[in-house]
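Chain residues, written in single-letter form:
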Amino acid sequence: MLFSDIPSVCSNYNNFEDVPYDLKCDCISLFDNDDLLFNYTSFYYCSSIQSILFIVYTVWLFFLFNLLAGTADEYLVPALTKLSNLLNLSPNIAGVTILAFANGAPDLFTSLAAFTGDSGGSADLGIGSLLGAGMFVTSMVFGAVIYVKPFTSYRRPFLRDLIFYILSVGLLYYVFKTGEIYLWQACIFIILYIIYVLIVVVGRYVYQKYIKPNKNKKKKMLLLLIMIKIHNIINK
């Protein structure tokens, strides 16, 4: 469709969401990207079987999630495990470094594409994808993991992660409230993550070097006292 063929009323809208439902098919070419491999939006709004397409799209979405889970299980997890073993990283440190990089890389490139798109970029889409991904991980993923395999979380590491997450969201809220962001503010986000990783690494070192040996000594002393007490009872 040529741009001259697009109804003039379509030019009155800046976002596709604002277009009335009955005009979406006519205005779709004004907002769509012609480089897409498959135009889901155009196929949906210009079709007469939208109810069936909604079900098909939903099933297709679940299939893609299953495909992504299988790919992560077969390739990503073994690769990260092997890399962690080669670098002699503990699961705690590997989780906040290698696994975080692997998990955050798609969000990074998605946000960059959203901010630097051909249409001028969309800050709402970029920030929304980051916050949405964080919300999905902390709610859906965390809840699914607990349901499939319940576990006991350590209080101090969990509190540490929660505090840094709240700090980062708080800084993001401040940026949105002021409506401006400067280079030093962007650097604060990066520095905050570096401090977080350093605290995890130092905390792991302190635990392995000082806290864990003391716990083992206390356990040995307790076991020795129990054995002495049992020995005295038997001799009586």
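The rules behind the values
- Residues numbered from 1 in each chain as written.
- Predicted model: local features only at pLDDT ≥ 70, side-chain atom pairs only at ≥ 80, totals over all residues.
- Heavy atoms only, no water.
- Helix = DSSP H or I, 4+ residues; strand = E, 2+ residues; numbered from the N terminus.
- Buried < 20%, exposed > 50% of the residue type's maximum accessible area, 1.4 Å probe, protein only.
- Contact = heavy atoms within 4.5 Å.
- Areas by Shrake-Rupley, 256 points an atom, 1.4 Å probe, with all protein chains shown as cover.
- Expected span 1.5 Å × (residues − 1).
- Bend = angle between axes of the 7 residues up to and from the residue.
- Polar contact = N/O pair within 3.5 Å; in protein donor to acceptor, adjacent residues only side chain to side chain.
- Core = buried A, V, L, I, M, F, W, Y, C linked by side-chain atoms within 4.5 Å.
- pLDDT = per-residue confidence, 0-100.
- Phe/Tyr/Trp six-rings, centres within 6.5 Å; stacked < 30°, edge-to-face > 60°.

### Notes on the overall build of the protein chain
In terms of regular secondary structure, the protein chain is built from eight helices and zero strands. Along the protein chain, helices (α) and strands (β) appear in the sequence α-α-α-α-α-α-α-α when read from the amino end. The buried share among the 236 residues of the protein chain stands at 15%. Restricting the contact set of the protein chain to residue pairs at least 6 apart, pairs at least 24 apart contribute 34%. Of the accessible surface of the protein chain, which amounts to about 18,800 Å², a share of 69% is contributed by carbon and sulfur atoms.

### Section: helix H3 (residues 50-86)
Counting along an α-helix, one turn takes 3.6 residues, and residues three or four places apart therefore face a common direction. Here H3 contains 37 residues, and its C-alpha end-to-end distance of 51 Å stays within 8% of the 54 Å for a straight helix at 1.5 Å per residue. Along its length, H3 reaches its greatest deviation from straightness, about 40°, at Ala72. Taken together, the buried positions of H3 are Gln50, Leu53, Leu80 and Ser84. Where H3 terminates, the next one or two residues include Asn88, which has phi positive at roughly 60°.

### Overview of the side chain of Gln185
Structurally, Gln185 can be placed in helix H8 (residues 183-235). At 2.9 Å, the side chain of Gln185 forms a polar contact with the backbone nitrogen of Tyr182.

### Structural notes on helix H7 (residues 155-178)
Helix length check: H7 (24 residues) gives 34 Å between terminal C-alpha atoms against 34 Å at 1.5 Å per residue, within 8%. Within H7, the full set of buried residues consists of Arg160, Phe164, Leu172 and Val175. Backbone geometry just after H7 places Gly179 at a positive phi near 75°.

### Considerations on the nonpolar core
For soluble globular proteins, nonpolar side chains are generally found buried alongside one another. Core analysis: the biggest nonpolar cluster contains seven residues, these being Ile93, Val96, Phe164, Leu192, Tyr196, Val197 and Val200. Of all the secondary structure elements, the ones that give two or more residues to this core are helix H4 (91-96) and H8. The dominant element in this core, judged by the number of residues it contributes, is H8, at four residues.

### Quick word on the confidence of the model for the protein chain
Confidence along the protein chain averages 76 in pLDDT terms, with 76% of residues attaining 70 or more. The least confident element of the protein chain is helix H1 (residues 24-31), whose mean pLDDT is 69; the most confident is H7, at 86. Low pLDDT (under 50) marks residues 1-6, which in the prediction has seven contacts with non-local residues, meaning those over four places away or in another chain.

### Here's the deal with the packing of aromatic side chains
A complete count under the given rule lists six aromatic pairs for this structure. Judged by centre distance (6.5 Å) and plane angle (20°), the ring pair of Phe65 and Phe136 falls under stacked. Highlighted residues: Phe65 in helix H3 and Phe136 in helix H6 (residues 123-148), separated in sequence by 71 residues. Assessed through its relative accessible area of 44%, Phe65 is described here as partly exposed. Residue Phe136 is classed as partly exposed on the basis of its relative accessible area, which comes to 39%. Considering the side-chain rings of Tyr193 and Tyr196, the 6.3 Å spacing of their centres and the 45° angle between planes classify their relative orientation as tilted.

### Some words on the environment of Thr58
Take Thr58: it is sitting in helix H3. Judged by relative accessible area, which is 29%, Thr58 ranks as partly exposed. Reaching out from Thr58, the side chain makes a polar contact with the backbone oxygen of Phe54 at a distance of 2.7 Å.

### A short note on the side chain of Thr97
Of note, Thr97 is situated in the loop between H4 and helix H5 (98-115). Here Thr97 is in contact with Leu89, Tyr193 and Val197, once residues within four sequence places are set aside.

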